[in-house]
Amino acid sequence: RRRKRSMAAGAGALLSAVALLLAVVGPRPAPAELMDGNSEHLKREHSLMKPYQGAGSAAMPLWDFQGSTMVTSQYVRLTPDERSREGSIWNRVPCFLKDWELHVHFKIHGAGKKNLHGDGLALWYTQERLVPGPVFGSKDNFHGLAIFLDTYPNDEATERVFPYISAMVNNGSLTYDHSKDGRWTELAGCTADLRNQNHDTFLAIRYSRGRLTVMTDVEDKNEWKNCIDIAGVQLPTGYFFGASAGTGDLSDNHDIISMKLFQLMVEHPIEDETVDWTKIEPSVSLLKSPKDNVDDPTGNFRSGPLTGWKVFLLLLCALLGIIICAVVGAVVFQKRQERNKRFY
């Protein structure tokens, strides 16, 4: 009986240790749980919200706009549903936050149906601002981060489903290839049904400690859905936030209702204090070159290092293997002890 009690106690201790290990190594909280939009951390100097100051005029204290952009009391329309238009809006104040989260309330809509609409909208955190160009109404060969909400498939051979959201980091050396929908320079992406919706559509971009996360809320469920999660992203401080859109032979209304920037309170290693964050070159540490990009039939993208969830699943599988081995070993040991007692 003493041996059985000791075995039970040992098994209990093992399970307690495993539970403690799971609590420590357990799953990282989903990005949706972290994106609470705490108003205490709202940075108004980088946020665009109603009522738009200077609405209907060219005077907005913290924002500049150009091209076909029209500011109303309800939205900022980057392009109307007309052909060959482009417009943008840019924050005047450079952002020196190392960790931030941008929530964008937007609406893309128009009279076109099926594939008879375009081209899309882009969200920027770049060194350049107010420079028109061919990439959704803004400059090519930019320095910084771009999130593209592409609504028209230029590459007829693509298997991905549009509208399609993708991320690109550029140090000025890369060119966005419209004919391939930016596939060669895309870091990651996902399909999102964000056009002509009767409900509000949102997108959140989170950058913290080298990790870029993009979430969507376009299904009227009031919850964030994971779209992009990339580690090893290096972005400098001192860049500008902006939004732009463009139309070609096909068109849409591209509206920004609000852009809200939140400061993330994150601890950094002591050695980070010696880094001049304004001098960092935009870059991404990938396991393979962006030119090796391969489409996934689901519309997702296979590239980049292991995400937090993949690491957690690997650790969980390892822990389950240890638990099974420990239980089997305990049972075998107990049976051997019982056999030995029979011969005494």
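The name an unreviewed UniProt entry gives the protein chain is LMAN2 protein, with Eolophus roseicapilla as the organism.

A closer look at the environment of Pro61
Note that Pro61 resides in the loop between α2 (31-34) and β1 (63-67). The exposure class of Pro61 is partly exposed, given its relative accessible area of 46%. Along the backbone, Pro61 and Arg92 are 31 residues apart, and their C-alpha atoms lie at a distance of 8.2 Å.

Observations concerning the sheet that holds strand β8 (residues 164-171)
Taking strand neighbours across the sheet as the criterion, the 7 strands line up as β1-β4-β14-β6-β7-β8-β9 in an open arrangement whose pairing is antiparallel. Each having just a single partner strand, β1 and β9 (188-191) make up the two edges of the open sheet. Taken pair by pair, the neighbouring strands of this sheet meet at an average axis angle of 15 degrees, ignoring direction. Of the strand pairs in this sheet, strand β7 (residues 143-150) and β8 are connected by 8 bridges, and their pairing is antiparallel. Considered in β8, the bridge of Leu145 is made with Val169.

Details of the sheet that holds strand β5 (residues 100-109)
Taken together, 7 strands build an open sheet; the order of strands is β2-β3-β15-β5-β10-β11-β12 and the sheet is antiparallel. Edge strands, defined here as strands with exactly one partner in the open sheet, are β2 (70-71) and β12 (225-230). Across 10 bridges, β5 lies against strand β15 (residues 253-263) in antiparallel orientation. Bridging across to β15, His105 finds its partner in Ser258.

Re the nonpolar core
Trp100, Leu123, Leu149, Ile165 and Ile256 are the most contacted members of the largest nonpolar core, which totals 48 residues. Ranked by the residues each element gives to this core, the list is headed by β5, at 5 residues. Contact partners of Trp100, with chain neighbours within four places excluded, come to Tyr125, Leu145, Ile205, Arg206, Tyr207, Leu235, Phe241, Leu261, Phe262 and Leu264. In terms of nonpolar packing, the next biggest core, distinct from the first, is built from 11 residues, Trp124, Ala146, Tyr176 and Phe240 among them.

With respect to the side chain of Asp217
In this fold, Asp217 is placed in strand β11 (residues 211-217). Residues contacting Asp217, with those up to four places away along its chain left out, are Asp200, Thr201, Phe202, Asn222, Glu223 and Trp224.

What about the pattern of salt bridges?
For the structure shown, the criterion picks out 13 salt bridges. Put simply, Asp252 and Arg195 hold a salt bridge, and the shortest N to O gap is 2.6 Å. With a gap of 57 residues between them, Asp252 in the loop between β14 (240-246) and β15 and Arg195 in the loop between β9 and β10 (201-208) connect regions that are remote in the sequence. Residue class for Asp252 comes out buried when judged on its relative accessible area of 0%. Lys221 serves as the salt-bridge partner of Glu219, at 3.4 Å between the closest nitrogen and oxygen. Among the residues examined, Glu219 registers a relative accessible area of 39% and is labelled partly exposed. The network of salt bridges with shared partners includes Asp64, Arg92 and Arg129.

Thoughts on the packing of aromatic side chains
One pass over the full model with this rule turns up 12 aromatic pairs. Arranged with centres 5.4 Å apart and planes meeting at 50 degrees, the rings of Trp100 and Tyr125 form a pair that is tilted. Taken together, the residues Trp100 in strand β5 and Tyr125 in strand β6 (residues 120-126) connect sequence positions 25 residues apart. Accessibility expressed as a relative area gives 2% for Trp100, which makes it buried. Ring geometry for Phe148 against Tyr176: centres 4.7 Å apart, planes inclined by 55 degrees, an arrangement best described as tilted. Of this pair, Phe148 sits in strand β7 while Tyr176 sits in the loop between β8 and β9, and the two are 28 residues apart along the sequence. The buried category is assigned to Phe148, whose relative accessible area is 1%. The structure contains a cluster of three or more aromatic residues connected by ring pairs, namely Trp90, Trp124, Phe136, Phe142, Phe148 and Tyr176. The side chain of Arg129 reaches across the aromatic face of Phe240, ending 5.4 Å from its centre. The ring of Tyr164 has Arg160 sitting right over it, with the charged end atom 4.2 Å from the ring centre.

Thresholds applied
Residues numbered from 1 in each chain as written. Predicted model: local features only at pLDDT ≥ 70, side-chain atom pairs only at ≥ 80, totals over all residues. Heavy atoms only, no water. Helix = DSSP H or I, 4+ residues; strand = E, 2+ residues; numbered from the N terminus. Buried < 20%, exposed > 50% of the residue type's maximum accessible area, 1.4 Å probe, protein only. Pairing = 2+ DSSP bridges. Axes fitted to C-alpha atoms, helices over the stretch in contact; angles between N-to-C directions. Core = buried A, V, L, I, M, F, W, Y, C linked by side-chain atoms within 4.5 Å. Contact = heavy atoms within 4.5 Å. Salt bridge = Lys/Arg side-chain N within 4 Å of Asp/Glu carboxyl O. Phe/Tyr/Trp six-rings, centres within 6.5 Å; stacked < 30°, edge-to-face > 60°. Lys NZ or Arg CZ within 6 Å of the ring centre and 35° of its normal.

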